[in-house]
Every structure is written in C-alpha cells, then in structure tokens.
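# Architecture and fold: a report
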Amino acid sequence: MKKIITVSTNEKTVKVVENSCMNFKSFFHAEFLGTTEAAINFINYELPEIKVLDFTSEGIDCDEIIDSIHKDSWLHYGGIIAVCKDRAQVRQLEERKDGNILASLTQEDFSQNFERLLRILYKNQHFLYTRGMQDTLGGREKGTFICGNDPMDLRFYTNFLVSYLYNTNRISNEDRAILQMTLMELLMNAVEHGNLNISYEEKNEWLKNGGDIFSLIKKRSSEPKYANRKIHISYLIKEAASAFRIEDDGDGFDWRNAVDNTDNLEENGRGISITKQFVQKLAYNEKGNQVTFSIKNSKNVVNAIPSIMDGFDAIEYKNKEVICRQDEESNDLFFIVQGRFAVYVNGTLSSILTPADIFIGEMAFLLNDRRTATVVAVGNCKLIRLSKTAFLALIRKNPHYGIFLSKMLAQRLALQAQYSYIFQQKMQEMQTMIKPAT
C-alpha cells in the first residue's frame, strides 16, 4: 500500500484527499499532518511516495518542506502535488522546473482533478518507489498515456515519466532537466499547433494584448471542433536507450521549417530548434502530427551521494581490483558512487552490481558475518567505504537512513523471491520439453 501524506490545515483539501483515497483504499493510504516540523519528520522516517503540500494553509511552510526533500537525494521518490493559492503561484512553482513536483494546482483544480491523478498513479503504480529496485526482468518497458489539451496534464505526465527515469538511474540530473524541457516543448507544440490549430501569428497577437497561452488554450479547447482531440504519449524504455512518440489528433503543421531553422531565436518556433540539439533521431511523420525521438540511457551513472555522507571521500578502484573477498572477516559497508562490480560466489560469477544497487556488503555489515562473496571492480569505479562504527553514528543522527536501508533490503528479498519463482517455472517448462516420451 502506498502512503499519501497531506500537509494541510485546509478542510477543503483534507476532504478532497479523504474522499478520493476511499475509491482506492486497497492501494492508497492517506496520512494528514498540520505542521511543517511534523511533515518533515514523517517524510524522513516513512518515505511516502506521494506528498500533497497545501500552500493555502496557514502556519505551514511548504517551501521549507520542499527544500528538506531537495537536500537529501534519498527522499526523491514518487512526487509532490502542490495546492496553490492562485494561478500566479501555480506559474511560480512551474517556473522552478522542479522534477519532484508532479503537478501544481489551484484549490479548485485540485478538487476537480485529484481523484483523476490518483487513478493515473494507480494505473501506473510501477512508477512509484522504484529507485534501485527494477534492474529486472528483461529491462524493457513500454506504454502509452492519453490525455487532453490541458497543460497541467502534460506537465503531470512529463514529470511522472522523467522522475521515473531519473529515480531508476537511467538519466542523470542534468539529463533530467533536458528531457523535461524537451517533452514539454514538443507536447505544447502538439497542443497549440496540432490539436488546437493555433498559428504563431494568432499566439503572438494574443500575447501582445495581455493574454497568456493557458487562457488561449482553454478558450480554443472549449470549441466543439477541438474539444475531443487527444494527445498520445508513448514510451519504450530499454536497457541502452529510451524512445518516445508524441501524436496529436490535429491536421498536422509545417514542421520542416522549424526543424531546419536551427538559428530560430523567436519565442514561437524556437522549441523544436532547441530540442533538436539535445535528443537523438528527432523525426516527424509526413503529416506533421507525430514526432519521435530517443535518448541514450546512462550506464553506471553516478549515484547522488546522500547528505549524511558528504564528509566521506570516494575511493577510486581500478579495473579488476578486489573490493572484498569471500569468507574474509569484514563488516564495512560500501556505498556505490560510480561503476560496475562483479560478484563471485565460490569462483562463479553470480551478479553485477551498479549504482542502482546502492550498497555492497550490506549482509555481512548487518549480520556481523564473513563476506559471502568476492567483489571485483569492472572498469574504473568509485565507492565510499563506511565502517560499522561510522555508519551507526550516522544512523543515530539520521534514523530515517536505517529505515531506508531496511526497506531497500526488504524489496530486494521480494524481488529475489519473484526471480526464484520465475526461474522455477522456466525450469519446469524446460523439463517438460526435454522429458523423454514414454
């Protein structure tokens, strides 16, 4: 069951969350907190997947809560849904381009859309709390999001997808910002110039007269001709690369001019030019209502070092250098900063560890036991070595790290059980196939 923490003293916000969660009570569990300190403590200890922060509440400093999450990379799970005082505050939060914020909504929009957002999360629940846990079965994931022309929907799906790729160590923090910008630029093009047929001239005239693009989109979307048009966002995530396709229901637009004009610095039309510099294989279909592109996934990406380890130096290991040996007496814990590590049990390669696995040697560390495997660096690598005394001192000061480690190990055991079951099923199938006829 996924926890939703709601930090609010606003009865309207609390009621919306209560009623919405009742429709998903087997999957979402709501917790309500009314102070900044209580919220930060809860987030540190419980690591909730979804955080609803209500900026309309008196006496709650939502910015302080967001800052506390920013300071600690291990708290970057799920995402934040912000309830704002007005549309000006919505724009302020959106301008932050904060990857942890899934959606910024006014009180009215929150009341109308929160249950819908929960439904999206429920349908895509594998996107929640996944960092370091899904180096799994086949490494291939695909799906499609279908949404209307509301920019809020576009931002939600964009943040949802980008956060997932970041939290599963497929993109770096820098790539995260680039991919977020790329998706939003292409999606807004699909809405404005595709589904809603808003020309550059019309948009410029609207903006010059004091309007904003969101009001223009809302006005055009209400017209019967455009009201039912959809945006289709498809993704294919593989081990080495991730591919994306954005398709609208419009009549297409003149994409060739925008793609070819790499020097375009005008407000309108520069999005495609900028995007082209950052992604691979950007291509439109002939009609101009479908665009595809891909990005390379990071390999052996550098882990974000949690704040409690800031005072420790990363140790460099060269290719084939031994980190620890099977049966030796040692209970040091290694935090993986960068690289890959081969794990040998009784001389046989058992697995490969990457930054997604976060730690090396946690079993000997926790059980005061001998090493159960020999670990060898593959290529140039970096680790932070923590003695038990040092790590326990850190845990005493920051207990939520101990809880995180426990959750991580529990999820690994659950995955191992899943692997074992699948392996047994495959073995039974093979035995059936090779069993001699009687």
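Residues numbered from 1 in each chain as written. Predicted model: local features only at pLDDT ≥ 70, side-chain atom pairs only at ≥ 80, totals over all residues. Heavy atoms only, no water.

## Some thoughts on the overall build of the protein
Selection criterion: Secondary structure follows DSSP: runs of H or I at least 4 residues long count as helices, runs of E at least 2 residues long count as strands, and numbering of each begins at the N terminus. Partly exposed residues are those whose accessible area sits between 20% and 50% of the maximum for their type, while under 20% is buried and over 50% is exposed, using a 1.4 Å probe and protein chains only. Contacts are assigned to residue pairs that have any heavy atoms within 4.5 Å of one another.
For the protein, the helix and strand inventory stands at 14 helices and 16 strands. Counting every position in the protein, which comprises 438 residues, the buried fraction comes to 50%. Intrachain contacts of the protein at a sequence separation of at least 6 include 73% that bridge at least 24 residues.

## Some words on the packing of aromatic side chains
Basically, it comes down to this: Here is the rule: rings of Phe, Tyr and Trp (six-membered ring for Trp) pair when centre to centre is within 6.5 Å. Planes less than 30 degrees apart are stacked, more than 60 are edge-to-face, and the remainder are tilted.
If you walk through the whole model with that rule in mind, you get 13 aromatic pairs. Between Phe156 and Tyr157, the ring centres sit 6.1 Å apart and the planes meet at 80°, which makes this aromatic pair edge-to-face. Taking the relative accessible area as the measure of exposure, Phe156 reaches 2% and is therefore buried. A relative accessible area of 8% places Tyr157 in the buried class. Joined through ring pairs, the aromatic side chains of Phe145, Phe156, Tyr157, Phe160 and Tyr235 make up one cluster.

## A look at the confidence of the model for the protein
Quick note on the threshold: A residue's pLDDT is the predictor's confidence in that residue, given on a scale from 0 to 100.
Counting all residues, the mean pLDDT for the protein is 80, and 78% of those residues have values of 70 or more. Contacts for the low-pLDDT stretch residues 129–138, under 50 throughout, to residues beyond four places or in other chains number 33 contacts.

## Some details on the sheet that holds strand E5 (residues 101–106)
Rules: For two strands to be treated as a pair, DSSP must find no fewer than two bridges joining them. Throughout, an axis means a line fitted to C-alpha atoms (over the contacting stretch in the case of helices), and angles, computed between N-to-C directions, take values from 0 to 180 degrees.
With parallel pairing, the five strands of this open sheet are ordered in space as E2-E1-E3-E4-E5. One side of each edge strand has no neighbouring strand; the edge strands of this open sheet are strand E2 (28–33) and E5. Sheet twist, expressed as the mean angle between neighbouring strand axes with direction ignored, is 15°. As paired strands, strand E1 (residues 2–7) and strand E3 (residues 50–54) are joined by four bridges and run parallel to one another. Its bridge partner being in E3, Ile5 is matched across the sheet by Lys51. Against the sheet, helix H1 (residues 11–22) contacts E1, E2, E3 and strand E4 (79–84), and its axis sits at roughly 165° relative to E2. Set on the sheet, helix H3 (residues 62–70) makes contact with E1, E3, E4 and E5; between it and E3 the angle comes to about 150°.

## Section: a nonpolar patch on the surface
Basically, it comes down to this: A patch consists of residues whose relative accessible area exceeds 30% and which take part in no salt bridge; residues with like charges are grouped when within 9 Å of each other, and nonpolar side chains (Val, Leu, Ile, Met, Phe, Trp, Tyr) when within 5 Å. Each accessible area is a Shrake-Rupley estimate made with a 1.4 Å probe; only the visible protein chains count as cover when residues are assessed. Salt bridge criterion: a side-chain nitrogen from Lys or Arg within 4 Å of a carboxyl oxygen from Asp or Glu.
The grouping of Tyr344, Leu349 and Ile352 at the surface amounts to a nonpolar patch, some 250 Å² of accessible area in total. Of note, Tyr344 is situated in strand E13 (residues 333–345). According to the relative accessible area criterion, Tyr344 is partly exposed, its value standing at 31%.

## A look at the sheet that holds strand E7 (residues 231–237)
If you walk across this open sheet you meet the five strands as E6-E7-E8-E10-E9, and the pairing is antiparallel. With partners counted over all chains shown, the strands left at the sheet margins are strand E6 (141–147) and strand E9 (280–284), one partner each. The mean inter-strand angle of the sheet, taken between neighbouring strand axes irrespective of direction, is 10°. Pairing of E6 with E7 involves seven bridges; the strand directions are antiparallel. Directly across from Thr144, in E7, lies its bridge partner Ser234. Packing against the sheet, helix H7 (residues 173–195) makes contact with E7, strand E8 (241–248), E9 and strand E10 (290–296), and its axis sits at approximately 20° to E8.

## A closer look at the nonpolar core
Applied cut-off: Buried residues of nine kinds, namely Ala, Val, Leu, Ile, Met, Phe, Trp, Tyr and Cys, make up a nonpolar core once their side-chain atoms join them within 4.5 Å.
Of all hydrophobic cores here, the largest spans 60 residues; its most connected members are Phe110, Leu179 and Phe244. The greatest single-element share of this core, amounting to ten residues, is contributed by helix H6 (residues 151–167). When residues no more than four places from it in sequence are discounted, the contact partners of Phe110 are Thr13, Val16, Val17, Val52, Ile81, Val83 and Leu105. Listed in part, the 20 residues of the second largest apolar core include Phe42, Ile43, Phe55 and Ile60.

## Points about H1
This is how it is decided: Multiplying 1.5 Å by the residue count of a helix minus one yields the expected span of that helix. Think of the arc as the fan of directions from the helix axis to the C-beta atoms.
Helix length check: H1, at twelve residues, gives a terminal C-alpha distance of 17 Å against a target of 16 Å (1.5 Å per residue), a fit within 8%. If you check which residues of H1 are buried, you get Thr13, Val14, Val16, Val17, Ser20 and Cys21. All buried residues of H1 project into a common sector of 160° when viewed along the axis, lining one side. Of the residues in H1, the exposed ones pointing more than 90 degrees away from the buried face are Glu11, Lys12 and Met22.

## Section: unusual backbone geometry
Not every positive phi belongs to a glycine, and Lys320 is a case in point at roughly 70°. You can see Lys320 is positioned in the loop between strand E11 (315–317) and strand E12 (322–324). Residue Lys320 is classed as exposed on the basis of its relative accessible area, which comes to 67%. Its identity is not glycine, yet Asn346 carries a phi of approximately 55°, on the positive side. Along the chain, Asn346 falls in the loop between E13 and strand E14 (348–353).

## Digging into the environment of Glu141
Tracing the backbone through its elements, the reader meets Glu141 in strand E6. Along the backbone, Glu141 and Ile237 are 96 residues apart, and their C-alpha atoms lie at a distance of 5.0 Å.

## Some thoughts on the environment of Lys3
Mapped onto the elements, Lys3 comes out in strand E1. Residues Lys3 and Ala30, spaced 27 residues apart in sequence, show a C-alpha to C-alpha distance of 5.9 Å.

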